[in-house]
Structure formats: structure tokens, C-alpha cells
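A closer look at the structure
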Amino acid sequence: ALSIAVGLLESSYPNCGGRIMSFIGGACSQGPGQVVDDELKNPIRSHHNIEKEDVKFMKKATTHYETLAKRATDNGHAIDMYSCALDQTGLMEMKSCCNLTGGHMVMGDSFNSALFKQTFQRVFAKDPTGEFKMAFNATMEVKCSRELKISGAIGPCISGGKKDGSISEAEIGIGSTTSWKSCGLNPSSTLAVFFEVTTQQGAPIPQGGRGFLQFVTSYQHASGQRRVRVTTVARNWGDPATAMPHISASFDQEAAAVVMARMAAWKAESTEEGVDVLRWVDRTLIRLCQKFGEYNKDSPDTFRLPENFSLYPQFMFHLRRSQFLQVFNNSPDETSFYRGCLNREDLTQCLIMVQPILYSYSFQGPPEPVLLDTSSIQPDRILLMDTFFQILIFHGETIAQWRAAGYQNQPEYANFKQLLEAPIADAQEVLLSRFPVP
């Protein structure tokens, strides 16, 4: 069915924005995209089977869906996957259809659930002028000054196949090109682009000079207009030998954590095995601490990191334990869904995925962020946890007893009623902008 849809669109609307929406209620058991056979005694593949290479249909199906995704991107069409079933549906094999074309990937239990209906309505959200909040058939080209080389990009895109002298040999993500194509964009679509600093024929980098980057994005707006957005940035060069404080002061720990998460998820999915990726994350963190940390030799108590590095180690701590690198207790479909979200959302949302937010509500004052630790559970507190994929409200023991006794319905306990309502109001606010709806 997907092959026919791709064929119909490529013949009727070639090189013009378009969307294919695929609703999957079960695993494919026929044809070239088959992921499981008809016999119920043979379950669909798990991470254990993939490790043991006991996967009969996976390679052929993955190649089939990659070919379909390539055909769709050649013509500027995005493919959305809406998978709702209690078992796996083969999202892992089909992930290239969303990840390469820039389409949505949504996973749920049932098409009848309120969660799915709200998420699906959000796809058709409109801006104040009445146009859909989506863009089609976009290409992003990167230009840089000669001291920089482009290593690649990680995000919902495919290589644009444009080559010139600014391509680095060290490839990260989708490399060997200076342009990328994404057939579906929404307001939060984000690409991570990686660069390498190189010097021409051993010449030193010009001190006091600037390095330039330019991002040229052209896309088809929902109104049918073709639009071009150009972003140019310049940054001063710093010599690691003499200007270390300047380099350290310009470090953005949140952006670095998200970029590391994308690189780690990419490595886990397309190259090394999980254990090697964890070692790589550890090695990178150790190198960073050696370079920017202040310490006396053989005295661990004296170790200090600059203030703008202070949260980075805890981001890495949570990344190592996250569902992006740990596959235990997740099916291959779920892992593909989580990694797909990490690769397309903006910085704030990706940080919430890596390190969930925990807010505490009490009579002592306004809501405050607290540590992701059991010590944050107190009898007189309400906790709100946001993991991006789920939002959870927890009532401490005393609060739960008061609620069960119905104190919130008595006028003299109006402040208790407000305390109960505050986390619900905040959760509703998050629900308004989140996609997919948690």
C-alpha cells in the first residue's frame, strides 16, 4: 500500500510538497515489507533476536522501506507513520520512511484513544493566518569559511548529494555533502550540523580573525509560496594554547549535551554496539574534564568545573541510563520511536528527554525544580515529572490523605485546593504545545 501511495504521488505531483499518512494497526506479514510471518507461534523480532542475528525478514524489509523513502525524498514528499497496536508493528524497519523524509512518527496503543486523537489533530494545527504549521520539500545548504570543514548532519533529513572542497573526511551522521533535504518541516524541526576545524597546508588559524558559517534553507510554505531563509553566523577564533578561558566561557552545556545525545544515539543505531557507545560517552566526558576542570594532582576533592560546565556531567549521567542507549525493557519499535523524537525535536524538548524535569509544589513557596532522587519525595509535597513522553503527578502521603478526606472541598482550605490544582494547570499548559501528546 505504501509503495502504491509513493508511486501515485511521484507520478501526479513530482518535485512538489506532499504528505503520505500511513496508519498501521499491525505488523506487515506479506510482500517485500514483511516483518513477521502469518504463524502466531513465531513472535516479531526483539532486541535479543537482533543481537543474535536471528532476524529472518529484517534486512530485506529495511532495504525495501529505505528504497521507498529515497523515492519519496527525490520528489519532495514526506511520509508519516501512525502506529497504534498493543504489539510491535515493524516501526523499526519502517523508521527510514519518517527519519529520511521528515515525516511524523507516532506510536500509541489504540487509534480510538483520546491521546492519539489529540496528537493527530495537532498535525493540522494552523498559524494565525490560517495556514498549516508545516513546510514541505526543504533543502538546507551550508557554506563555511576555509578553516572549517563540514562533517555531516543528524536530523530528519537525507543527503542532498552536493559536493565541494569544504567536506571533511571525518564523517558524523549523514556526511559527504554540503546540503541536506527534508521533505517535511514543522516549527520545532531541528538539525544538528557538525564541523571540523582544519588548517590549510599547515598554516596557523588567523588569530583575531573570524570563522563564518551560513545556512541557506529554502522550502515550500503551506500557502504554496517558495521561501528562502538565510542565517549567517561569525565567531572569533581562539588559540587553545593561550585563549582557553575564552573558549571555556563560550561553552553551551545544554546544546553540547543534546549534540552528544544525538551522536551517541546515531552511533548506537548505525555503527557500534551499545557497550562501545557508553565507553565513548565516558571517554569524551573524561577528556572534557581533563581539559577544562581545575584540580590538584592525586587529590580528587579539589576538582572543580567552571559554572557553565557544572550541569554537563549530570546530563551525561542521565544519557547513559536513558532509553536512547539502554534497550532493556524496550522493544526495537519503541527504541526507534524514542531515537526518532530525539533527532527531530528542539533543544529544550531534547534536554527533557535526556534528563526529565521534576518540580515540587508545597505550602512553603512557589513551585521549584528538585533533584531526580528519592529524597525529593516528601509527605507534604506534590511532584510533577515531565519526561517528554509522559507527564506524572505524584501526591505525598499527607497530601493524599487530605485529598481522600475531601479537605479541598471545604472553603476554609482554599489554599489546599489551589495547591492541588497548580500542578494540573502546569501539566495542561505543557500538553498544549507537545507533539506527540504525552
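Residues numbered from 1 in each chain as written. Predicted model: local features only at pLDDT ≥ 70, side-chain atom pairs only at ≥ 80, totals over all residues. Heavy atoms only, no water.

1. Comments concerning the overall build of the protein
The test is simple: The helix count covers DSSP runs of H or I at least four residues long, the strand count covers runs of E at least two residues long, and both are numbered beginning at the N terminus. Exposure classes here rest on a 1.4 Å probe applied to the protein chains alone. A residue is buried below 20% of its type maximum, exposed above 50%, and partly exposed in between. Only heavy atoms matter for contacts: two residues are in contact if any of them lie within 4.5 Å across the pair. Positive: Lys, Arg. Negative: Asp, Glu. His and the chain ends are not part of the count. Every charge is mapped onto a representative atom, which is NZ of Lys, CZ of Arg, CG of Asp or CD of Glu.
A count of helical and extended segments in the protein gives 13 helices and 16 strands. Across its three principal directions, the C-alpha atoms of the protein cover 70 × 65 × 55 Å. Residues counted as buried form 45% of the 438 residues belonging to the protein. In the protein, 65% of the contacts between residues at least 6 apart in sequence involve partners at least 24 apart. For the protein, the distance from the average site of its 41 positive side-chain charges to the average site of its 46 negative ones is 6 Å.

2. Description of the sheet that holds strand β7 (residues 179-185)
Operational definition: At least two bridges found by DSSP between two strands is the condition for calling them paired.
In spatial order, the strands read β6-β7-β4-β9-β10; together these five strands make up an open sheet with antiparallel pairing. In this open sheet, the two strands that pair with only one neighbour each are β6 (158-159) and β10 (226-236). Where strand β4 (residues 135-144) lies against β7, six bridges are found, and the strand directions are antiparallel. Within β7, the position partnered with Ala 135 by the bridge is Leu 185.

3. Notes on the packing of aromatic side chains
Operational definition: Centres within 6.5 Å are what make two rings of Phe, Tyr or Trp a pair, Trp counting through its six-membered ring; a difference in plane orientation under 30 degrees is then read as stacked, over 60 as edge-to-face, and the rest as tilted. Definition used: whenever NZ (Lys) or CZ (Arg) falls within 6 Å of the ring centre and also within 35 degrees of the ring normal, the charge is taken to sit over that ring.
As enumerated under the stated definition, the model contains 22 aromatic pairs in all. With a centroid separation of 5.8 Å and 75 degrees between ring planes, the pair formed by Phe 251 and Tyr 312 is classed as edge-to-face. One end of the pair, Phe 251, is in the loop between α6 (244-249) and α7 (253-270); the other, Tyr 312, is in helix α9 (residues 312-321), with 61 residues separating them in the sequence. The class for Tyr 312 is buried, based on a relative accessible area of 3%. Through pairs of rings, three or more aromatic residues link up here, namely Phe 23, Tyr 82, Phe 111, Phe 116, Phe 120, Phe 124 and Phe 132. For Lys 267, the ring lying beneath its charged end belongs to Trp 280, and the centroid distance is 4.7 Å. Positioned above the aromatic ring of Phe 317 is the side chain of Arg 321, whose terminal nitrogen or guanidinium carbon lies 3.9 Å from the ring centre.

4. Points about the sheet that holds strand β15 (residues 382-386)
Through backbone hydrogen bonds, the strands of a sheet pair up, either in parallel or in antiparallel fashion. Applicable threshold: Throughout, an axis means a line fitted to C-alpha atoms (over the contacting stretch in the case of helices), and angles, computed between N-to-C directions, take values from 0 to 180 degrees.
Reading across the sheet, the four strands line up as β14-β13-β15-β16 and stay open at both edges, with antiparallel pairing between neighbours. Looking at strand neighbours, the two that pair on one side only are β14 (365-369) and β16 (391-395), the edges of this open sheet. Ignoring strand direction, the axes of neighbouring strands in this sheet form an average angle of 15 degrees.

5. Describing helix α4 (residues 91-99)
The buried fraction of α4 amounts to nine of the nine residues, a majority that puts the element mostly inside the structure. Along α4, the residues classified as buried are Leu 91, Met 92, Glu 93, Met 94, Lys 95, Ser 96, Cys 97, Cys 98 and Asn 99.

6. Here we look at the environment of Ile 20
Looking at the element boundaries, Ile 20 is found in strand β1 (residues 18-24). Take Ile 20: its relative accessible area is 8%, and that puts it in the buried class. For Ile 20 and Gln 88, which are 68 residues apart along the polypeptide, the C-alpha to C-alpha distance reads 21 Å. In this view, Ile 20 contacts Leu 2, Ala 5, Val 6, Leu 9, Ala 78, Ile 79 and Asp 80; residues no more than four positions away in its chain are not counted.

7. Focus: the nonpolar core
Note the threshold: In this text, buried Ala, Val, Leu, Ile, Met, Phe, Trp, Tyr and Cys residues form a nonpolar core when linked through side-chain atoms within 4.5 Å.
Counting residues in hydrophobic clusters, the biggest one holds 59 residues, and the most contacted among them are Met 81, Tyr 312 and Met 316. Ranked by the residues each element gives to this core, the list is headed by α7, at nine residues. Here Met 316 is in contact with Ala 257, Met 260, Val 281 and Leu 285, once residues within four sequence places are set aside. One finds Cys 144, Cys 157, Ile 174 and Val 193 within the second-largest nonpolar core, a separate group that totals 13 residues.

8. What about the pattern of salt bridges?
Going by this rule: One side-chain nitrogen of Lys or Arg within 4 Å of one carboxyl oxygen of Asp or Glu is enough to make a salt bridge.
By the definition in use, this model includes twelve salt bridges. As a salt-bridge pair, Glu 269 and Lys 95 come within 3.9 Å of each other at their nearest N and O atoms. Remark: Lys 95 occurs in helix α4 and Glu 269 occurs in helix α7; sequence separation between them is 174 residues. Here Glu 269 falls in the partly exposed class, since its relative accessible area comes to 31%. A salt bridge links Asp 386 to Arg 434; its shortest N-O distance comes to 3.0 Å. Residue Asp 386 is found in strand β15, and its partner Arg 434 is found in the segment after α13 (414-433); the two are separated by 48 residues along the sequence. Comparing Asp 386 with Arg 434, the two get one shared label, buried.

9. Observations concerning the pairing of β10
Taken together, the eleven bridges between strand β9 (residues 210-221) and β10 define a ladder with antiparallel strand orientation. When the bridges of β10 are listed, Arg 210 appears paired with Asn 236. Counted along the chain from β9 to the antiparallel partner β10, the turn is four residues long, and its residue Gly 224 has a positive phi close to 100 degrees.

10. Quick notes on the side chain of Asp 80
Using the following cut-off: We define a polar contact as two N or O atoms separated by no more than 3.5 Å, with the added condition that, inside protein, one atom must be a possible hydrogen donor and the other a possible acceptor, whereas residues neighbouring each other in sequence contribute only through side-chain atom pairs.
Along the chain, Asp 80 falls in strand β2 (residues 77-84). Among the residues examined, Asp 80 registers a relative accessible area of 0% and is labelled buried. Among the polar contacts listed, one links the side chain of Asp 80 to the backbone nitrogen of His 104, at a separation of 2.8 Å. Ignoring sequence-local partners within four residues, the contact set of Asp 80 consists of Arg 19, Ile 20, Met 21, Ser 22, Gly 103 and His 104.

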